[in-house]
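# Inside the fold
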Amino acid sequence: EADIYQTPRYLVIGTGKKITLECSQTMGHDKMYWYQQDPGMELHLIHYSYGVNSTEKGDLSSESTVSRIRTEHFPLTLESARPSHTSQYLCASSPGEAQYFGPGTRLLVL
Amino acid sequence: QQQVKQSPQSLIVQKGGISIINCAYENTAFDYFPWYQQFPGKGPALLIAIRPDVSEKKEGRFTISFNKSAKQFSLHIMDSQPGDSATYFCAAKQGAQKLVFGQGTRLTINP
């Protein structure tokens, strides 16, 4: 089982603010993912990375961006938050097949 | 063809009963089929997974049944308990590609 951490766990922020959601894992997994999920609903893949300096957009269009400068770190940035960004953001990592999820960041944009 | 269709959307089962959640897929190249369990406010956790070369896998009260010809797989929870109340997601994967998730099933076990 992977140790994967997300901060902050909860964030309330005003419209137009820039935010960065942090995700880190200690297992050395090459593959990392960001999902957007409304509570109890479908998981939507918004970004993924298969290694350092590799990032791809997922199936759901998102205004966020990601970077992968270090294997263990995969932050997600919203340059200008809007109420439509209100959701839960889940980070996951994988050594190959199984994906291991972090606890999520619940974002509320006012 | 990359979709995984999950049913039912919600399910209520009495304590001690059997909970059954079904998933269907089209892509016959899928070779890994996991199930995830998610409690409110938490990330999904890997519960059990199966490959298409076996028809059934059991771990404790949780069993995956796999029907390759029908392109279906299901999760059975025996002796369901209130603590099993959660949202369950099936998923499928082909080789090194991304996981494709089902739509989720909200399971409620009544005491």
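Whatever comes next refers back to the structure up there.
First things first, this report covers the structure right here in the doc. (Residues numbered from 1 in each chain as written. Chains lettered and ligands numbered in written order. Predicted model: local features only at pLDDT ≥ 70, side-chain atom pairs only at ≥ 80, totals over all residues. Heavy atoms only, no water.)

Attention now goes to the sheet that holds strand 1 (residues 4-7) of chain B. Residues and elements named next belong to chain B. With respect to topology, five strands assemble into an open sheet ordered 1-3-8-7-6, the strand pairing being antiparallel. Two strands in the sheet have a free side with no partner beyond their single neighbour: strand 1 and strand 6 (56-59). The sheet shows a mean angle of 15 degrees between the axes of neighbouring strands, taken without regard to direction. Sheet topology note: the strand 1/strand 3 (residues 19-25) ladder contains four bridges and is antiparallel. Following the sheet pairing, V4 is matched in strand 3 by Y25. (Pairing = 2+ DSSP bridges. Helix = DSSP H or I, 4+ residues; strand = E, 2+ residues; numbered from the N terminus. Axes fitted to C-alpha atoms, helices over the stretch in contact; angles between N-to-C directions.)

For the rest of this paragraph, the subject is the state of the cysteines. Residue and element names in this part refer to chain A. Evaluation of the coordinates by the stated rule reveals two disulfides over all chains. Put simply, C23 and C91 are joined by a disulfide, and their sulfur atoms are 1.9 Å apart. Across the S-S bond of C23 and C91 the torsion is about -75 degrees, and the bridge reads as left-handed. Here C91 lies in strand 9 (residues 87-94) and C23 lies in strand 3 (residues 19-25), a separation of 68 residues in the sequence. Classification of C23 as buried rests on a relative accessible area of 1%. (Disulfide = S-S within 2.5 Å. Buried < 20%, exposed > 50% of the residue type's maximum accessible area, 1.4 Å probe, protein only.)

A separate point is the pairing of strand 6 of chain B. Residues and elements named next belong to chain B. In terms of strand pairing, strand 6 meets strand 7 (residues 62-67) through four bridges, oriented antiparallel. Its bridge partner being in strand 7, K57 is matched across the sheet by I64. In this antiparallel pair of consecutive strands, strand 6 and strand 7, the connection spans two residues, and G60 shows a positive phi of 65 degrees.

Moving on, we get to the sheet that holds strand 3 of chain A. Spatial ordering of the open sheet is given by 1-3-8-7 (chain A), a layout of four strands whose pairing is antiparallel. Two strands bound the open sheet, and with one partner strand each, they are strand 1 (4-7) and strand 7 (65-66) of chain A.

The next point concerns the packing of aromatic side chains. Within the structure shown, the criterion is met by 17 aromatic pairs over all chains. Plain terms: the ring middles of Y48 of chain A and Y50 of chain A are 5.2 Å apart, the flat faces sit at 50 degrees to each other, and that makes the pair tilted. The class of Y50 of chain A is partly exposed, set by a relative accessible area of 32%. In this structure an aromatic cluster arises from ring pairing among Y33, Y35, Y48, Y50 and F101 of chain A together with Y36 and F101 of chain B. (Phe/Tyr/Trp six-rings, centres within 6.5 Å; stacked < 30°, edge-to-face > 60°.)

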